[in-house]
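If you want the building blocks of each chain, they are given just below.
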Amino acid sequence: MKGGTGFRIYAMVYLVFLYAPIVLLPMFAFNNGIIIAFPLQGFTTQWFAALLDDPPLHDAVRNSLIIAVSVSILSTTLGVFAARASTRFNFPFKGPLMGLIMLPLVLPEIIVAVSLLVVLLGLGVSLNILTVILGHVLVCTPFCIAILTSAFQSLDRSLEEAAYDLGETPLSTFRLIILPLVMPGIVSALLISFTISLDEFIIAFFLAGTQATLPVYIFSQFRFPQAVPVIMALGTILVCLSILLLSIAEFFRRRGLARSGAKDTGGFL
Amino acid sequence: MTEKPTMPGPTMIEFRDVQKYYGDYHALRGITAEIRAGEFFSLLGPSGCGKTTLLRTIAGFESISSGVVLIDGKDMAQVPANQRPTNMVFQSYAIFPHLTVAENVGFGLRREAGSREDKARRVTEALEMVGLKGYGARAAHALSGGQRQRVALARALILKPKVLLLDEPLSALDKKMRENMQVELIKLQRQVGITFILVTHDQEEALVMSDRIAVMFEGQIAQLDDPETLYRRPKTRQVADFIGTMNFLPAEVAAQTNEGYSVDVAGLGRCEITEAQAPGAPTGGPASVGFRPETLTILYEGQTTSDRVSEGTVEEVVYYGDMTYYDVKLDGIDTPVRLSMRNLPGRPVLDIRTRTRVSWSPGALVLFR
Ligand SMILES: Nc1ncnc2c1ncn2[C@@H]1O[C@H](COP(=O)(O)OP(=O)(O)OP(=O)(O)O)[C@@H](O)[C@H]1O
Ligand SMILES: [Mg+2]
């Protein structure tokens, strides 16, 4: 029991350190004062109202959503192909090729961003949403591959063979058997890449040109003290949205597990 | 239930010198065999001998390096697995976990013409056939091992294939369940009349279930025969050893006679052995003879026999309830021989170190090269 108490205290401190700042977010979002400090000044919703009346912010949100949705679909699709290929087939240079694709996972993002910028400028490509999407796909695809590889790996090969044996084509086998069974992995991959893209800063900062994304916009607003509570309000909304999104994803994951009767091995929640 | 045809049916599957390489590894080394329509055929052999590989070449999951596989007279070289008249029951059953039992069983009907009602009726019939009536709406993952096995069977049989392939379908079940399923499979096969090809490494299972058995070692068929011939007249020591227990004694072929061979067996003396008892066709010189434990009989006080008799000492006693196995060291033979006796009333189990007389008949010996 002695070791238990020590560990419990450690866990507590850890959780407080992790989540206290997030609790502060709504606190100051509803605080009637520009300065972020205690004591609180009274309740207000004016910062939320200010969000509604901020066209550059709306542009940034729109850009970010377009980018995040495109990136999650693109990198998950690429991830499905890569994961399927690497788990089922053998081809020459498989190891080095997969390593190359996974490389952005460990490369410093600033290096990726700068080199992309140099190349794009060298090619004379104008910087906009598209270039950010390209950059984000580069860093999100490895995550998707990692998630999807484990999903594809846990598939019993004889399931495919059984479907094929019963007269289906390779394509219809993929649609009827493989896809439904890796669906939880696909949902996870979509969500994770969406989240990564949505809050990615460095690449967006370098490659966005004049079309700022949400993180870039938030960063730019910190120069103005009166904008800080507005950002707190924005942050509160984002936290609520993330929790909602993750809950939905977890719901689908558990339902997928229950339907296929697999054992729950944790997932990302 | 229809009677099994006693006449061999027409050929359903034919292998002509089938070779299979996995890279450098020679997995199938010249398989030539015929499997008849409507028979229950088993591929038996130790782990890694190529049973599964051979089965998968029939299903079309494995391409062959050279040779020919014919199903119902047609060369299968260009026919992919999804167009072959075969269906397979996988070792892991491969039940689709996201579908219901009925959806699993009816999966193969998706591509068939026919009304929805007609297909539903066929699914119901198939479920009934395997004793799963009323299970259609169940989630497939909520089934026991034995039930999964039945679903896999129903799913494969619903398409009325010419050949049903079964890769160790019973190995995941416990002993009792396995024995039940063996009987059920035999009944089912008689009922549907489809050619069944079973892969197993369990010799007892193969003997119980099969019309004919191919015993495989290292990518080759060592012997292909009906269970009784395989058991009583194994061609090689390897086959004899793999199927049941066999005692071996060194021997010398003294002369080849009109009826067979005159053989000097170590410790047993001169024996006349017929041609039929030497399926491996020895040529003379050093050889060995084998005999099954049940062909030796312990003679109790006062019993007489017209068979030949040897004396020896009991070295080991293994009691099985209905049977007792004895290791008896016969005079003049170095290694003890194993024999088995039914435990009948008035037949006491002997103790270790008892002197005893053992009767045996030259007609039960098998001569090996
Ligand atoms: N895809 C493969 N690549 C390389 N070697 C293989 C492959 N599949 C099988 N082998 C080899 O071929 C040999 C025969 O395999 P096979 O699966 O047919 O054996 P088996 O008789 O079914 O054995 P078991 O009773 O263990 O299932 C084995 O030595 C195995 O290692
Ligand atoms: Mg096998």
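Small disclaimer: the values here were computed from a predicted structure and weren't measured.

(A) Examining the overall build of chain A more closely. Tallying secondary structure elements over chain A gives 11 helices and zero strands in all. Classification of the 269 residues of chain A by burial places 38% in the buried group. Considering only contacts in chain A between residues 6 or more positions apart, those separated by 24 or more positions represent 69%. In chain A, which carries 14 positive and 13 negative side-chain charges, the distance between the mean positions of the two groups comes to 8 Å.

(B) Looking closely at the pattern of salt bridges. Counted according to the given criterion, the structure contains 21 salt bridges over all chains. Taking the shortest distance from any N to any O, the salt bridge between Arg62(A) and Asp59(A) comes out at 3.6 Å. Of the two residues, Arg62(A) and Asp59(A) both sit in helix H3 (residues 55–88), three residues apart, roughly one turn of that helix. Residue class for Arg62(A) comes out partly exposed when judged on its relative accessible area of 46%. A relative accessible area of 39% means that Asp59(A) is categorised as partly exposed. Note that Glu311(B) is salt-bridged to Arg355(B), the shortest N-O span being 3.5 Å.

(C) Inspection of the interface of chain B and chain A at higher detail. On the side of chain A, 22 residues touch chain B, which itself brings 22 residues to the contact. For the pair chain B and chain A, the summed buried area comes to about 2,000 Å², and 59% of that belongs to carbon and sulfur atoms. It is Asn82(B), His98(B) and Arg111(B) that lose the most area in chain B upon contact with chain A, and together they represent 30% of the buried surface on that side. Between chain B and chain A we count three salt bridges in total. In this structure, Glu161(A) and Arg56(B) form a salt bridge, with 2.7 Å as the shortest nitrogen-oxygen distance. Our enumeration of links across chain B and chain A arrives at 11 residue pairs in polar contact (both at pLDDT 80 or more). Of the residues forming the side of chain B that touches chain A, the biggest block, three residues, is contributed by strand S6 (residues 86–89) of chain B.

(D) Looking closely at the sheet that holds strand S15 (residues 297–299) of chain B. Residue and element names in this part refer to chain B. A sheet is described by the order of its strands in space; here five strands give the open sequence S15-S19-S16-S17-S18, paired in antiparallel fashion. Either end of the sheet is taken by a strand with one partner, and the two such strands are S15 and strand S18 (337–342). Taken over all neighbouring pairs, the strand axes of this sheet differ in orientation by 50° on average, direction set aside. As paired elements, strand S16 (residues 308–319) and strand S19 (residues 355–360) share six bridges and run antiparallel to each other. The residue of S19 that forms the bridge with Thr 313 is Arg 355.

(E) Summary view of the domain arrangement of chain A. Residue and element names in this part refer to chain A. Domains assigned within chain A are domain 1 (1–44) and domain 2 (55–260). Using C-alpha coordinates to define each centre, domain 1 is positioned 30 Å away from domain 2. Contacts between domain 1 and domain 2 engage eight residues on the former and nine residues on the latter. Overall, the association of domain 1 and domain 2 removes approximately 680 Å² of surface from exposure, summing both partners, and the carbon and sulfur fraction of that is 86%. Seen at the junction of domain 1 and domain 2, the total is zero salt bridges. The interface formed by domain 1 and domain 2 holds zero residue pairs in polar contact (both at pLDDT 80 or more) in total.

(F) Layout of the site of ligand 1. Residue and element names in this part refer to chain B. Close contacts around ligand 1 come from Tyr 22, Tyr 25, Ala 27, Pro 46, Ser 47, Gly 48, Cys 49, Gly 50, Lys 51, Thr 52, Thr 53 and Glu 168, and that covers them all. Within the side chain of Tyr 25, an N or O atom sits 3.3 Å from an oxygen atom of ligand 1. Contact with the protein chains covers 59% of the free accessible surface of ligand 1, which is 630 Å². Of all elements in the fold, only strand S2 (25–36) and helix H1 (51–59) reach the threshold of two or more residues within the shell around ligand 1. Among the elements that make up the shell around ligand 1, the one with the highest residue count is H1 (three residues). Of the residues assigned to the shell around ligand 1, the class counts are five nonpolar, five polar and two charged.

(G) Representation of helix H3 (residues 116–129) of chain B within the structure. Residues and elements named next belong to chain B. Between its first and last C-alpha atoms H3 spans 20 Å; for 14 residues at 1.5 Å apiece the expected length is 20 Å, and the two agree. Of all the residues in H3, the buried ones are Lys 119, Arg 122, Val 123, Ala 126 and Leu 127. Around the axis of H3, the buried residues are gathered within 135° of arc, so they sit on the same side. Close packing links the buried residues of H3 with helix H2 (101–105) and helix H4 (145–157). Where H3 terminates, the next one or two residues include Gly 131, which has phi positive at roughly 75°.

(H) Region of interest: the environment of Ser63(B). Residue and element names in this part refer to chain B. As for its placement among the helices and strands, Ser 63 is situated in the loop between H1 and strand S4 (66–71). Residue Ser 63 is classed as exposed on the basis of its relative accessible area of 55%. Here the alpha-carbon distance between Ser 63 and Leu 268, two residues 205 residues apart in the chain, equals 51 Å.

(I) Layout of H4(B). Relative to the 18 Å expected for 13 residues at 1.5 Å per residue, H4(B) spans 18 Å between its end C-alpha atoms, a close match to the ideal helical length. Listed as buried for H4(B) are Gly146(B), Gln147(B), Gln149(B), Arg150(B), Val151(B), Ala152(B), Leu153(B), Ala154(B), Arg155(B), Ala156(B) and Leu157(B).

(J) Main features of a nonpolar patch on the surface. All names here are of chain A. Where nonpolar side chains cluster on the molecular surface, the patch consists of Phe 7, Tyr 10, Tyr 14, Leu 15, Leu 18, Tyr 19 and Ile 22 and spans about 750 Å² of accessible area. Mapped onto the secondary structure, Leu 18 falls in helix H1 (residues 2–29). Note on Leu 18: relative accessible area 40%, which makes it partly exposed.

(K) Examining the packing of H3(A) against helix H6 (residues 129–153) of chain A more closely. Residues and elements named next belong to chain A. H6 packs onto H3 with a crossing angle of 40° between their chain directions and a minimal axis gap of 6 Å. Of the possible angle classes, the one that applies to H3 and H6 is oblique. Crossing angle aside, the handedness with which H3 passes H6 is right-handed. Of the residues in the contact of H3 with H6, the class split is 17 nonpolar, 11 polar and one charged.

Procedures and definitions
Along every chain, residues carry numbers that run from 1 in the direction the sequence is written. Just so you know, chain letters begin at A and ligand numbers begin at 1, following the order they were written in. Where local features are concerned, this predicted model is filtered to residues with pLDDT of at least 70; where side-chain atom pairs are given and counted, the filter is 80 or more; whole-chain, interface and lining totals use all residues. Excluding hydrogens and water, the side-chain values take into account all heavy atoms of the structure. Here a helix means four or more residues in a row that DSSP labels H or I, a strand means two or more in a row labelled E, and each is numbered from the N terminus. Relative accessibility under 20% of the residue-type maximum defines a buried residue, over 50% an exposed one, and the middle range a partly exposed one, all with a 1.4 Å probe and only protein chains included. Only heavy atoms matter for contacts: two residues are in contact if any of them lie within 4.5 Å across the pair. Only four residue types enter the charge count: Lys and Arg as positive, Asp and Glu as negative, with His and the chain ends excluded. In plain terms, the charge of a residue is placed at NZ if it is Lys, CZ if Arg, CG if Asp and CD if Glu. We count a salt bridge whenever a side-chain nitrogen from Lys or Arg sits within 4 Å of a carboxyl oxygen from Asp or Glu. Buried area is a sum: the accessible area each of two parts loses on coming together, probed at 1.4 Å, counted once for each and added. Polar contacts here mean pairs of N or O atoms no more than 3.5 Å apart (in protein, one a potential hydrogen donor and the other a potential acceptor; neighbouring residues in sequence count only if both atoms are side-chain atoms). The pairing criterion is simple: DSSP has to find at least two bridges between the two strands. With axes taken as lines fitted to C-alpha atoms, and helix axes fitted only over the stretch in contact, angles between N-to-C directions fall between 0 and 180 degrees. Note: domain ranges come from an automatic or database domain assignment. For this purpose, a residue is taken to be near a molecule or strand whenever a single non-hydrogen atom of the residue falls within 4 Å of it. Per-residue and other accessible areas were derived by the Shrake-Rupley procedure at a 1.4 Å probe size, with only the shown protein chains allowed to occlude residues. Note that Gly is not counted as nonpolar here; it falls among the polar residues with everything else outside the nonpolar set of Ala, Val, Leu, Ile, Met, Phe, Trp, Tyr, Cys and Pro and the charged set of Asp, Glu, Lys and Arg. Multiplying 1.5 Å by the residue count of a helix minus one yields the expected span of that helix. Directions are taken from the helix axis to each C-beta atom, and the arc is the one they span. Patch construction takes residues with relative accessible area above 30% that form no salt bridge. Like charges are linked within 9 Å, and nonpolar side chains (Val, Leu, Ile, Met, Phe, Trp, Tyr) are linked within 5 Å. Angles below 35 degrees are treated as roughly parallel, those above 145 as roughly antiparallel, those between 65 and 115 as roughly perpendicular, and all remaining angles as oblique. By convention the crossing between two helices is left-handed if the near helix lies anticlockwise of the far one by an angle smaller than a right angle, and right-handed if it lies clockwise.

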